[in-house]
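What follows is the residue order along each chain.
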Amino acid sequence: IPEGAINMEALYWGCLIGGVLFAIVTVVLGDILSSALDGLLDFLSVDFFNPVVIAGGITVFGGTGIMLMKYTNLAAGAHVTLSILSAIVISILVYFGYVKPMENSENSTGFSIKELAGRIGVVTVPLPAEGFGEVMVKIGAGNTMHIASSFDRQILPAGVRVVVIDVVDGVLRVSELEERKGDD
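Our focus in this paragraph is the overall build of the protein chain. Along its length, the protein chain carries three helices and five strands. Each helix and strand of the protein chain, placed in order from N terminus to C terminus, yields the pattern α-α-α-β-β-β-β-β. A buried classification covers 26% of the 184 residues belonging to the protein chain. Sequence separation of at least 24 residues holds for 53% of the intrachain contacts in the protein chain that already meet a minimum separation of 6. When the accessible surface of the protein chain is split by element, carbon and sulfur atoms take 64% of a total near 12000 Å².

Structure (structure tokens):
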């Protein structure tokens with residue numbers, strides 16, 4: 001066995017083992033390291049440099065190189081070229097098939113109370129002309145209850161649809177969405 005082949009085999013094994021260890025460490029210690037470094041590595045936040053993509057590429061490079069050395073009679077340069085191409089192809093597939101869809105699927109249930117202006121709600125606890133009641137507003141897939149007051153200083157009974165005009169000190173100021181029949 002030529003000396004160059006032994007060095008390449010060591011490189012491939014190192015990449016394979018290193019990639020697997022890197023994947024395990026980032027999965028197990030990823031959150032701990034992320035909070036410990038507190039954004040220190042945010043400059044590396046280019047989407048494609050995701051740890052899953054990098055670890056996958058390194059691992060595929062090593063594994064492909066080992067398999068090509070054992071099962072083909074190709075020259076060392078061909079092993080390296082095909083291993084690099086395999087790593088690039090698999091990294092692209094992992095990125096577009098797993099990482100990107102997972103980033104797009106993240107949903108947040110958080111919202112700012114200031115975002116409620118213009119939303120439609122329903123009075124759940126009657127609003128007096130002067131004072132407070134309660135309004136239910138649909139946010140995303142759920143409903144939230146908020147303290148509210150009448151913007152127009154009118155009595156609003158339970159069940160009336162309202163629109164949030166603005167938010168003052170955490171209190172929704174609402175106005176009736178549709179005039180009730182019989183009110184003149």
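From this point, the discussion proceeds with the structure in view.
The sheet contact formed by strand β1 (residues 120-125) and strand β4 (residues 161-168) spans three bridges and is antiparallel. Bridge pairing in β4 places V122 opposite R161. Here six bridges tie β4 to strand β5 (residues 171-176), and the two strands are oriented antiparallel to one another. Bridge pairing in β5 places V162 opposite E176.

Let us now look at the side chain of S175. Position of S175 relative to the elements: it lies in strand β5. Among the polar contacts made by the side chain of S175, one reaches the side chain of D152 at a distance of 2.4 Å. When residues no more than four places from it in sequence are discounted, the contact partners of S175 are F151, D152, V162, V163 and I165.

Caution is warranted with low-pLDDT regions, since their predicted coordinates should not be read in detail. For the protein chain, per-residue confidence averages 82 on the pLDDT scale, and 77% of positions sit at 70 or higher. Taken element by element, the protein chain is modelled with least confidence in helix α1 (residues 3-37), mean pLDDT 75, and with most confidence in β1, mean pLDDT 94.

Our focus in this paragraph is the sheet that holds strand β2 (residues 133-139). Taken in spatial order, the five strands line up as β1-β2-β3-β5-β4 and close into a barrel, and their pairing is mixed. Strand-to-strand, the axes of this sheet are offset by a mean angle of 55°, without reference to chain direction. As paired elements, β2 and strand β3 (residues 142-150) share seven bridges and run antiparallel to each other. For M136, the partnering residue across the bridge sits in β3 and is M145.

A few words now on unusual backbone geometry. Of note, R153 is a non-glycine position whose phi angle comes to about 60°, a positive value. Taking the relative accessible area as the measure of exposure, R153 reaches 52% and is therefore exposed.

In this section: the nonpolar core. Counting 14 residues, the largest nonpolar core has V123, L127, V135, V137, V162, L172 and V174 as its most contacted members. Contributing elements (two or more residues each) for this core: β2, β4 and β5. In this structure, M8, Y12, C15 and I66 belong to the second largest nonpolar core, which totals six residues.

Tallying each qualifying case throughout the model produces two aromatic pairs. Here Y12 and F61 contribute two aromatic rings whose centre-to-centre distance is 5.4 Å and whose plane-to-plane angle is 65°, an arrangement assigned as edge-to-face. In this pair, Y12 is assigned in helix α1 and F61 in helix α2 (residues 51-71), connecting sequence segments 49 residues apart. Each member of the pair, Y12 as well as F61, is classed as buried. Summarising the aromatic geometry, the rings of Y95 and F96 are spaced 4.9 Å apart at their centres and angled 80° between planes, so their arrangement reads as edge-to-face. Residue classification places Y95 among the buried residues on the basis of a relative accessible area of 6%. Look at F96 and you get exposed, because its relative accessible area is 56%.

What counts as what
- One numbering rule holds for all chains: residues counted from 1, following each sequence as written.
- The model is predicted, so local features are restricted to residues of pLDDT at least 70 and side-chain atom pairs to those at 80 or more, both for listing and for counting; the totals for chains, interfaces and linings are taken over all residues.
- Think of the side-chain values as coming from all heavy atoms in the structure, minus any hydrogens and water.
- A run of H or I in DSSP counts as a helix once it spans at least four residues, and a run of E counts as a strand once it spans at least two, with each numbered from the N terminus.
- Summary of the burial criterion: residues with accessible area below 20% of their type's maximum are buried, those above 50% are exposed, and those between are partly exposed, where the area comes from a 1.4 Å probe applied to protein chains only.
- The criterion used for residue contact is that any of the two residues' heavy atoms lie within 4.5 Å.
- Surface exposure here means Shrake-Rupley accessible area, sampled with a 1.4 Å probe, where a residue is shielded only by the protein chains that are shown.
- The pairing criterion for strands is at least two bridges between them, as found by DSSP.
- Under the rule applied, a polar contact is a pair of N or O atoms within 3.5 Å (in protein, one hydrogen donor and one hydrogen acceptor; residues adjacent in sequence only if both atoms are side-chain atoms).
- Scored between 0 and 100, pLDDT is the confidence that the predictor attaches to each residue.
- Angular values range over 0 to 180 degrees, each being the angle between N-to-C directions of two axes fitted as lines to C-alpha atoms, with helices fitted over their stretch in contact.
- Throughout, nonpolar core names a set of buried Ala, Val, Leu, Ile, Met, Phe, Trp, Tyr and Cys residues whose side chains join them through atoms within 4.5 Å.
- By convention, a stacked pair of Phe, Tyr or Trp rings (six-membered ring in the case of Trp) has centres within 6.5 Å and planes under 30 degrees apart, an edge-to-face pair has planes over 60 apart, and any other such pair is tilted.

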